[in-house]
Amino acid sequence: MSLHLSSLALSHFRSHRRAEIAVDARPVAIYGPNGAGKTNLIEAVSLLSPGRGMRRAAAQEIARRPEALGWRIGAELHAPDGVHEIDIRAEAGAARQVSIDGKPAPQTALARIARVLWLVPSMDRLWIEAPEGRRRFLDRMTLSFFPDHADASLTYEKAMRERNRLLKDQVRNAHWYAALEGQMAQAGAQLQSNRQAALARLAQAQEGAETQFPAAELELVSTEADIPETAEDLRGALSESRFRDMAAGRTLIGPHRADLHGVFAAKGVPASDCSTGEQKALLISLILANARALTADLGAPPILLLDEVAAHLDAGRRAALYDEICALGAQAWMTGTGPELFGELGARAQRLEVREEGGQSFVENPLN
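The rules behind each value
- Residues numbered from 1 in each chain as written.
- Predicted model: local features only at pLDDT ≥ 70, side-chain atom pairs only at ≥ 80, totals over all residues.
- Heavy atoms only, no water.
- Helix = DSSP H or I, 4+ residues; strand = E, 2+ residues; numbered from the N terminus.
- Contact = heavy atoms within 4.5 Å.
- Polar contact = N/O pair within 3.5 Å; in protein donor to acceptor, adjacent residues only side chain to side chain.
- Domains from an automatic or database assignment.
- Buried area = accessible area lost by both parts, 1.4 Å probe.
- Salt bridge = Lys/Arg side-chain N within 4 Å of Asp/Glu carboxyl O.
- Buried < 20%, exposed > 50% of the residue type's maximum accessible area, 1.4 Å probe, protein only.
- Arc of directions from axis to C-beta.
- Expected span 1.5 Å × (residues − 1).
- Pairing = 2+ DSSP bridges.
- Axes fitted to C-alpha atoms, helices over the stretch in contact; angles between N-to-C directions.

### Examining the environment of R89
Tracing the backbone through its elements, the reader meets R89 in strand β5 (residues 82–91). For R89, the residues in contact, after removing those within four places along its chain, are W71, R72, A95, R96 and Q97. Polar contacts involving the side chain of R89 include one to the side chain of D87, which spans 2.8 Å.

This is the structure:
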């Protein structure tokens, strides 16, 4: 069984007061004018995976205005292990709540039943922005391979926040530091191991692939010093760095200082020095490689979310992208301003038209 959504229901989500969508496993082409609410639809799908979704929005930012009554996403997900009912909601001023098949679940549990990858216009500056964005991009790819990556990341971040609080307060209790550094070391070593394994899987998926999108050579580097690979070495490095960290008021060594370095393989040019079009093509290549690797691992392709991707491609590459998506058998949710951007898909895709009227979004299913 392929991984896909068969239904998506929204209530007071962004510009959508109410939307009920029924789809099949084919790609979903979503079109309409700018500001109609297309991206809001695929943002809802992105929240079916761990984290804050493709816009990294807090729960209170998602509620439709001016009502601010809270919001809900309901979805029926077909996965290799069966069909799952997912319900995600947040009441006004409250935190997000997740239930899977009628039972409350942590957000991290979503990674065990769904794999969702996305590419949005804000990621176009990935290769030239600060390392945090590239680290987040890498961790999303890593999470797609290793569902426990989310738990390790949460453990590491929580312990680091506590350690940073001690550093800022100039606390010198060695026992407190040792306990937190032990947690950071175990979780941090797992983060590094997962990231390196994910990069290896991506390299393997790119090697020998027949695609019109250029391959990228990826390397995990550090913004300051080499990051210890083992838990024991990382614990020792954190201990040795306490006084330096205390002077800085924050932790200066660890996997949170990692960076992702990319090179346009065929040209040997750093991704940061490539043209805007080449940088976009490299991103698409990585998303496709990630999808191919997951398909090989799981026997089913992930759900893809591609926001305004067609607008940045010429007709040849656009057709090539659609061919690769269909060859994978992926349910890709794609947005664009007009139906002509998806003409090359023909009957291989289903279409949704989104329009805005009176400050509210409406979704229509043209004949598919």
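### Points about the domain arrangement of the chain
The domains assigned to the chain are domain 1 (1–114 + 302–367) and domain 2 (122–277). Taking only C-alpha atoms, the centre of domain 1 and the centre of domain 2 are 29 Å apart. With 13 residues of domain 1 at the contact, the number on the domain 2 side is 13 residues. Buried area between domain 1 and domain 2, both sides added, is near 1,100 Å², and the carbon and sulfur share of it is 53%. Close ionic contact of R112 with D151 constitutes a salt bridge, the shortest N to O distance being 3.2 Å.

### Describing helix α6 (residues 231–240)
Restricting attention to buried positions, one finds in α6 the residues A231, L234, A237 and L238. End-on, the buried residues of α6 take up no more than an arc of 125°, which puts them together on one face. Summarising the geometry of α6, the exposed residues directed more than 90 degrees from the buried face are E232 and E240. Contact partners of the buried residues in α6: α4 (149–168), α5 (174–206) and α7 (242–248).

### Some points on helix α3 (residues 131–145)
Helix length check: α3, at 15 residues, gives a terminal C-alpha distance of 21 Å against a target of 21 Å (1.5 Å per residue), a fit within 8%. Counting buried positions along α3 yields 11 of 15 residues, so the element is predominantly enclosed. Looking only at α3, the buried set comprises G133, R134, R135, F137, L138, D139, M141, T142, L143, S144 and F145. Looking at the buried side of α3, the elements it contacts are β8 (116–119), α4, α5, β9 (216–222), β10 (258–264) and α8 (276–298).

### Considering the sheet that holds β5
Read across the open sheet, the 6 strands follow the order β2-β1-β4-β5-β6-β7; overall the sheet is antiparallel. Two strands in the sheet have a free side with no partner beyond their single neighbour: β2 (16–22) and β7 (103–105). Taken over all neighbouring pairs, the strand axes of this sheet differ in orientation by 20° on average, direction set aside. Across 10 bridges, the pairing between strand β4 (residues 70–79) and β5 is antiparallel. If you follow A75 over to β5, its bridge partner there is I86. Contacting β1 (4–13), β2 and β4, helix α1 (residues 38–46) crosses the sheet at an angle of about 115° to β1.

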